[in-house]
Amino acid sequence: MRFDVLTLFPDMFTGFIQNSMIQKAHEKGLIETRIINFRDYAFNKHRTVDDIPYGGGDGMVLKPEPFFEAIDDLIDPNEEKPPVLLMSPQGERLTQQKVNQLATHSRLILLCGHYAGFDERIHQYVATEEISIGDYVLTGGELPAMIIMDSVSRQIPGVLGNTLSAQNDSFADGLLEYPQYTRPAEYRGYQVPEVLLSGHHLRIEKWRRQESLRRTWERRPELLDKVTLTEEDRIFLRQLEDQQGE
Ligand code: 4GY
């Protein structure tokens, strides 16, 4: 996977890229990251990247030229066009499903804005899609871009030490994750659930499934509508419903 990031704040990415997992993935040649300051593509000698909005109003708007020029430089017209993702609260909400879909590409281009936003022509003619990481407003698209890079990278085979860990996460099967414990079995009187110490693999598996269901039902009930449930799952959920009234 290759990530090309267009940003005015390339330094924001240095700590992130030096982070253990991402760094190791780089060393293994599994990911490649290019951080490009789109100010380098500004037209005039003052390297202006923003201007006042037509029609008036607050804030500065990012000019179209640096984005169009940078993209022309990055994309070879003979190659398959990579997705160009623009980070924006107006975009499609990022989900694990979306992350998995993005991870199927060999290359992603990420556009990070600032100030009052992008000239609409960047949305229309440079970006292929807009992605939002959630319903809140940040000062720029850099953190969202890192979130995409992080979540997509860990879906690439070999990036995580253990290839199974990405499959076991919350959301892998549409449910929240079951509670995890490690030693000691008792700390300050707080006990690890008996079943986990029992060594009965079938009982443990059943308990974990039920705790995943319980958590999802308690915290994110809307997720249950999208999950494939077994008859046993349904019986357990019905029990939770029945207990609720008591
Ligand atoms: N939320 N999800 C988000 C954001 C900041 C002004 C355009 C978000 O993705 N991006 O809040 N971005 C704005 C700041 C320019 C991006």
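Relevant structure appears above.
A few points on the structure.

Scoring rules and cut-offs
Residues numbered from 1 in each chain as written. Predicted model: local features only at pLDDT ≥ 70, side-chain atom pairs only at ≥ 80, totals over all residues. Heavy atoms only, no water. 1 Å grid on protein atoms, 1.4 Å probe; cavity = no way out; pocket = protein on both sides within 12 Å on 5 of 7 lines; lining within 4 Å. Points joined across faces, edges and corners; volume = space filled by probe spheres on them. Helix = DSSP H or I, 4+ residues; strand = E, 2+ residues; numbered from the N terminus. Nonpolar A, V, L, I, M, F, W, Y, C, P; charged D, E, K, R; others polar. Near = heavy atom within 4 Å. Polar contact = N/O pair within 3.5 Å; in protein donor to acceptor, adjacent residues only side chain to side chain. Areas by Shrake-Rupley, 256 points an atom, 1.4 Å probe, with all protein chains shown as cover. Sits in = over half its atoms within 2 Å of the grid points. Pairing = 2+ DSSP bridges. Axes fitted to C-alpha atoms, helices over the stretch in contact; angles between N-to-C directions. Contact = heavy atoms within 4.5 Å. Patch = residues over 30% accessible without salt bridge, like charges linked within 9 Å, V, L, I, M, F, W, Y side chains within 5 Å. Salt bridge = Lys/Arg side-chain N within 4 Å of Asp/Glu carboxyl O. Core = buried A, V, L, I, M, F, W, Y, C linked by side-chain atoms within 4.5 Å. Buried < 20%, exposed > 50% of the residue type's maximum accessible area, 1.4 Å probe, protein only.

Moving on to the layout of surface pockets. Estimated volume of the largest pocket: approximately 540 Å³. Of all the elements, helix α4 (residues 96-102) adds the most residues to the lining of the largest pocket, at three residues. Among the residues making up the lining of the largest pocket, the classes are represented as five nonpolar, six polar and five charged. In this structure, the second largest pocket occupies an estimated 380 Å³ of space. What lines the second largest pocket is a set of 23 residues, and nearest its centre among them are M87, S88, P89, V137 and L138. Mapped onto the lining of the second largest pocket, the elements with two or more residues apiece are β5 (84-93) and β7 (129-132). In terms of residue count, β5 provides more of the lining of the second largest pocket than any other element does, four residues in total. In terms of residue class, the lining of the second largest pocket is built from 12 nonpolar, 11 polar and no charged.

Near the ligand you find 17 residues, and of these Y115, I133, G134, Y136 and L138 are the closest. Within the backbone of G134, a nitrogen or oxygen atom sits 3.2 Å from a nitrogen atom of the ligand. At 2.9 Å from a nitrogen atom of the ligand is found a main-chain nitrogen or oxygen belonging to Y136. Protein contact buries 94% of the 390 Å² of open area that the ligand shows by itself. Put simply, the ligand lies in the second largest pocket. Of all the secondary structure elements, the ones that give two or more residues to the shell around the ligand are β5 and β7. No other element matches the three residues that β5 contributes to the shell around the ligand.

Time to look at the sheet that holds β7. Reading across the sheet, the five strands line up as β2-β1-β6-β5-β7 and stay open at both edges, with parallel pairing between neighbours. The open sheet is flanked by β2 (32-37) and β7, the only strands paired with a single partner. Pairs of neighbouring strands in the sheet enclose a mean axial angle of 35 degrees, with direction left out of account. The sheet contacts of helix α3 (residues 64-74) involve β1 (2-7), β2, β5 and β6 (107-111), and relative to β1 the element is tilted by about 160 degrees.

This part is about a nonpolar patch on the surface. On the surface, F9, M12, Y115, Y136, L138 and L143 cluster together into a nonpolar patch covering about 560 Å² of accessible area. Within the secondary structure, M12 sits in the loop between β1 and α1 (14-17).

Here the idea is simple: oppositely charged side chains can pair when their charged atoms come close. Tallied over the entire structure, the rule returns 14 salt bridges. D4 is paired through a salt bridge with R2; the nearest N and O atoms lie 3.0 Å apart. Look at the salt bridges and you will find they share partners, linking R2, D4 and R107 into a network.

Membership of the largest hydrophobic core comes to 26 residues, with the highest contact counts inside it found for F3, F13, L85, L110, I148 and V152. Elements that contribute at least two residues to this core include exactly β1, α1, α2 (20-27), β5, α4, β6 and α6 (142-153). No other element matches the five residues that α6 contributes to this core. Residues contacting F13, with those up to four places away along its chain left out, are V5, T7, I35, C112, E142, A145, M146 and M149. Judged by nonpolar contacts, the second largest core, of 20 residues, contains A42, L74, I122 and A127.

Fair warning: the whole summary comes from geometry, so function is off the table for now.
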